[in-house]
Amino acid sequence: TTNTTTGATTFNFEEYMIGKAKSVHKALDMAVTVKHPEKIHEAMRYSLLAGGKRVRPVLCIAACELVGGDESTAMAAACAVEMIHTMSLIHDDLPCMDNDDLRRGKPTNHKVFGEDVAVLAGDSLLAFAFEHLVAATPTGEVSPEKIVRAIGELARVIGAEGLVAGQVVDIDSEGAVDVDLEQLEFIHIHKTAKLLEGSVVLGAILGGGSDEEVEKLRKFATGVGLLFQVVDDILDVTKSSEELGKTAGKDLVADKVTFPKLMGIEKSREYAGKLIKDAKEQLKEFDQEKAKPLIALADYIAYRQN
Amino acid sequence: ISSSTSQFDLRTYWTTLIEEINQKLDESIPISYPEKIYEAMRYTALDKAAKRAPPVMCITACELFGGHRTAAFPTACALEMVHAASLIHDDLPCMDNDQVRRGHAANHVVYGEDMAILAGDALFPLGFSHIVSHTPREIVPETRVLKVIAEIARTVGSTGMVAGEFLDLEGGQNAVDFIQEKKFGELAECSAVCGGILAGANEEEIQRLRRYGKAVGILYQVVDDILKEKAKSDGEIKRRGKSYVSVYGLDKAKEVAEDLRAQARKELDTFESYGEKVIPLYSFVDYAADRGFSVGG
């Protein structure tokens, strides 16, 4: 339990996360219903409702609330980013990609529904993310202009300039001996940080944030996204499988390039420290009371033990 | 109308538009790092053998209602991008397992299955971001942009083209009507509807475009099936997927084609007040039914 005690009130992060994850789960459950053809929709729901911490949707809602919007203002966008995240996991797990049989302890989508359905369920989630963003964002609160802007942002961060670029360079770097820090950062900024950036930026735009606020939150999210990966790499080296809840030392065995491998454990820890400091710096000019969820989320990502 | 239709030169109209569309598409997918993914996207999206039927339909429908071509071009390109994305994924070994597309090696044959998955995954959002970044706001209000995006997303999604492909792979033979409607009718429908939305057509006009586009799309495919069946009796082309002909037989398929042609033309009746601009839409129906010439590389 992480209780951040700054100022008069105590912020209970765990309670906040659980509460938000619940609302997000409920909204996702209602957004993707089983209709004809049933198998496709069941496959979409299987991965979408498999659980997980819902970090991206919570970031989206927290950013929206920080700039003055409500949870309901950003809920459609929060669902959309989770649909995209799920879609990228489904496609990533395919035999022609990472070929993973398990995801969060459960058989992967293509193991249950077959490869053809897994490809199509992913494509459907991608498309539905945009349809849902348009259909379910409350038009009484958010202007069409803002929704259009949000769509542009989401499309950009997940495409060939964003998420896909990270996956391509990641595939290319597998087994390569000459991957440098610049390339490693490129992979993580695109593969992980871009969608976190999109999540936060969508929330900020829809919540009515000024351009300046949106850009500050964009920097915050990029830093936190990179931080997420640096910490992941450190944990893989320093923790046991039991502590992680997944196979430790996986990166070493897979001969994957990691931050500890390129700069050593100590320097990686220093780098993580710098990233968290810079990320929080971006939040300084916001209302500190309202900024607590995002600060706590950043702390959680930096100091998590698994 | 029928006499002026015969004077209208669809072939020139279409090939001229294809050139413009190809140029816009070329500009809309510039190569940057990592180059490989952009090359894979361009390989299918810029295929010179493509007929560009969805963009042509979109632009023509937009012009019918007095919309300017520049209002429709970004959406026209987006339609071709999402079209390419679904073709790339449909051709994969775990799907239709096609090695050849439009006379060239399929995307995954050239770039590998992993890149083919990612090229598709990148072309879908590029379509949306292209509409947002390139549609001229001074002539197209945001509300219309949103409608177009929702229309395209629904069309390519789980109740649209995905549903058609899924039932083509796993559904029984009796699913053929649904498959034809979803796999081939949906994109033509969406293309016509998007053109109308961009130009500010009213709700009733949009519904007509919807029925018109769907009928033309299915008609094209049914006639394709009939032509392939004829070619097969000459002993060469092997059929894949489910077709009207294989389920209902040649005579019934021809009957269906005649009905669709009549339906599509009927939807256009009320648009005759728009004058000559409706003529290309009539000629698409005739082309889908008769194939008087061939377009694309």
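Residues numbered from 1 in each chain as written. Chains lettered and ligands numbered in written order. Predicted model: local features only at pLDDT ≥ 70, side-chain atom pairs only at ≥ 80, totals over all residues. Heavy atoms only, no water.

Novice: It is not clear to me how the overall build of chain A should be interpreted in this structure. Could you clarify?
Specialist: Counting its secondary structure elements, chain A contains 14 helices and 4 strands. Against the compact-globule benchmark of 19 Å for 306 residues, chain A has a radius of gyration of 19 Å, which places it among compact chains. Taking the principal axes of the C-alpha coordinates as reference, chain A spans close to 55 × 50 × 35 Å. Buried residues in chain A amount to 58% of all 306 residues. Sequence separation of at least 24 residues holds for 72% of the intrachain contacts in chain A that already meet a minimum separation of 6. Accessible surface computed for chain A: about 12,500 Å², of which carbon and sulfur atoms make up 50%. Charged side chains of chain A number 35 positive and 49 negative; the gap between the two group centres comes to 3 Å. (Helix = DSSP H or I, 4+ residues; strand = E, 2+ residues; numbered from the N terminus. Rg over C-alpha atoms; globule rule 2.2 N^0.38 Å. Buried < 20%, exposed > 50% of the residue type's maximum accessible area, 1.4 Å probe, protein only. Contact = heavy atoms within 4.5 Å. Areas by Shrake-Rupley, 256 points an atom, 1.4 Å probe, with all protein chains shown as cover. Lys, Arg positive; Asp, Glu negative; His and termini not counted. Charge placed at Lys NZ, Arg CZ, Asp CG, Glu CD.)

Novice: Which parts of the structure should I look at to understand helix α8 (residues 142-156) of chain B?
Specialist: Helical geometry note: an α-helix holds 3.6 residues per turn, so side chains three or four residues apart project in the same direction. Relative to the 21 Å expected for 15 residues at 1.5 Å per residue, α8 of chain B spans 21 Å between its end C-alpha atoms, a close match to the ideal helical length. The set of residues buried in α8 of chain B consists of Val 145, Leu 146, Val 148, Ile 149, Glu 151, Ile 152, Ala 153, Thr 155 and Val 156 of chain B. (Expected span 1.5 Å × (residues − 1).)

Novice: Which parts of the structure should I look at to understand empty space enclosed by the protein?
Specialist: In this approach the atoms are scanned with a rolling probe the size of a water molecule, which exposes any empty space left behind. Residues and elements named next belong to chain A. Across all of its chains, the model carries 4 cavities of 30 Å³ or more by this definition. Lining the largest cavity are 13 residues, and of these Tyr 46, Ser 47, Ala 50, Arg 103 and Arg 104 sit closest to its centre. For the lining of the largest cavity, the secondary-structure elements that each account for two or more residues are α2 (38-48), α4 (71-93) and β4 (106-107). Per-element accounting of the lining of the largest cavity gives the leading share, 4 residues, to α4. Looking at the lining of the largest cavity, its residues break down into 5 nonpolar, 4 polar and 4 charged. (1 Å grid on protein atoms, 1.4 Å probe; cavity = no way out; pocket = protein on both sides within 12 Å on 5 of 7 lines; lining within 4 Å. Points joined across faces, edges and corners; volume = space filled by probe spheres on them. Nonpolar A, V, L, I, M, F, W, Y, C, P; charged D, E, K, R; others polar.)

Novice: Looking at this model, I keep getting lost on the packing of aromatic side chains. Mind explaining?
Specialist: Aromatic rings in a pair are described by how distant their centres are and how their planes are angled relative to each other. Residue and element names in this part refer to chain B. Enumeration according to the criterion identifies 17 aromatic pairs over all chains in this entry. Relative to Phe 271, the ring of Phe 65 lies with its centre 5.5 Å away and its plane at 85°, an arrangement referred to as edge-to-face. Taken together, the residues span a long stretch of sequence, with Phe 65 in the loop between α4 (53-64) and α5 (69-91) and Phe 271 in the loop between α13 (250-268) and α14 (279-290) at a distance of 206 residues. Per residue, the accessibility class of Phe 65 equals that of Phe 271, and both read buried. (Phe/Tyr/Trp six-rings, centres within 6.5 Å; stacked < 30°, edge-to-face > 60°.)

Novice: What is the right way to read the interface of chain B and chain A from this model?
Specialist: Often, the extent of an interface is quoted as the loss of accessible area on bringing the components together. Taken together, the 43 residues of chain B in the interface contact 45 residues of chain A. Among the residues chain B hides against chain A, the three largest losses belong to Leu 118, Leu 146 and Phe 166 of chain B. Together they make up 15% of the total. Joining chain B to chain A, the criterion identifies 2 salt bridges. Between Lys 36 of chain B and Asp 172 of chain A there is a salt bridge; the shortest N-O distance is 2.8 Å. The interface formed by chain B and chain A holds 6 residue pairs in polar contact (both at pLDDT 80 or more) in total. (Buried area = accessible area lost by both parts, 1.4 Å probe. Salt bridge = Lys/Arg side-chain N within 4 Å of Asp/Glu carboxyl O. Polar contact = N/O pair within 3.5 Å; in protein donor to acceptor, adjacent residues only side chain to side chain.)

Novice: Help me out: how do you make sense of the nonpolar core in this one?
Specialist: The nonpolar side chains of soluble globular proteins are, as a tendency, buried together. Core analysis: the biggest nonpolar cluster contains 157 residues, and Met 83, Phe 130 and Ile 151 of chain A together with Ile 37 and Met 41 of chain B have the highest contact counts within it. Among all residues touching Met 83 of chain A, those that are not within four sequence positions of it are Leu 28, Ala 31, Val 32, Leu 48, Leu 125, Phe 128, Ala 129 and His 132 of chain A. Core analysis: the next-biggest nonpolar cluster, separate from the first, contains 47 residues, Phe 13, Leu 235, Leu 297 and Ala 302 of chain A among them. (Core = buried A, V, L, I, M, F, W, Y, C linked by side-chain atoms within 4.5 Å.)

Novice: How do you make sense of the packing of helix α1 (residues 13-31) of chain A against helix α14 (residues 292-303) of chain A when you look at a structure like this?
Specialist: A pair of packed helices is characterised by two quantities: the angle between their axes and the separation of those axes. All names here are of chain A. Where α1 meets α14, the closest approach of the two axes is 10 Å, and the angle between their N-to-C directions is 100°. On the basis of the axis angle, α1 is roughly perpendicular to α14. From α1, Phe 13, Tyr 16 and Met 17 reach across to α14, where they touch Pro 293, Ala 296, Leu 297 and Tyr 300. Counted by class, the contact of α1 with α14 contains 7 nonpolar, no polar and no charged residues. (Axes fitted to C-alpha atoms, helices over the stretch in contact; angles between N-to-C directions. Parallel < 35°, antiparallel > 145°, perpendicular 65-115°, else oblique.)

Novice: I would appreciate a short explanation of the packing of α1 of chain A against α4 of chain A in the present structure.
Specialist: Residue and element names in this part refer to chain A. Two elements in contact, α1 and α4, have axes separated by 10 Å at closest approach and are oriented at 70°. Between α1 and α4, the angle is such that the two are roughly perpendicular. Here Lys 20, Ser 23, Val 24, Ala 27, Leu 28 and Ala 31 of α1 come into contact with α4, specifically with Glu 71, Met 75, Cys 79, Glu 82 and Met 83. Considered class by class, the residues forming the contact of α1 with α4 number 7 nonpolar, 1 polar and 3 charged.

Novice: What is the right way to read the pattern of salt bridges from this model?
Specialist: Here the idea is simple: oppositely charged side chains can pair when their charged atoms come close. With the rule as written, the count across this model stands at 50 salt bridges over all chains. Between Lys 191 of chain A and Asp 170 of chain A there is a salt bridge, with the nearest N and O atoms lying 2.7 Å from each other. Here Lys 191 of chain A is found in helix α9 (residues 181-206), whereas its partner Asp 170 of chain A is found in helix α8 (residues 163-173), with 21 residues between them in sequence. Its relative accessible area of 16% is what places Asp 170 of chain A among the buried residues. For Lys 228 of chain B, the salt bridge is made with Asp 224 of chain B, and the minimal N-O distance between the two is 3.7 Å. Of this pair, Lys 228 of chain B and Asp 224 of chain B both sit in helix α11 (residues 203-233), 4 residues apart, roughly one helical turn. Note on Lys 228 of chain B: relative accessible area 30%, which makes it partly exposed. Residue Asp 224 of chain B is classed as buried on the basis of its relative accessible area of 17%.

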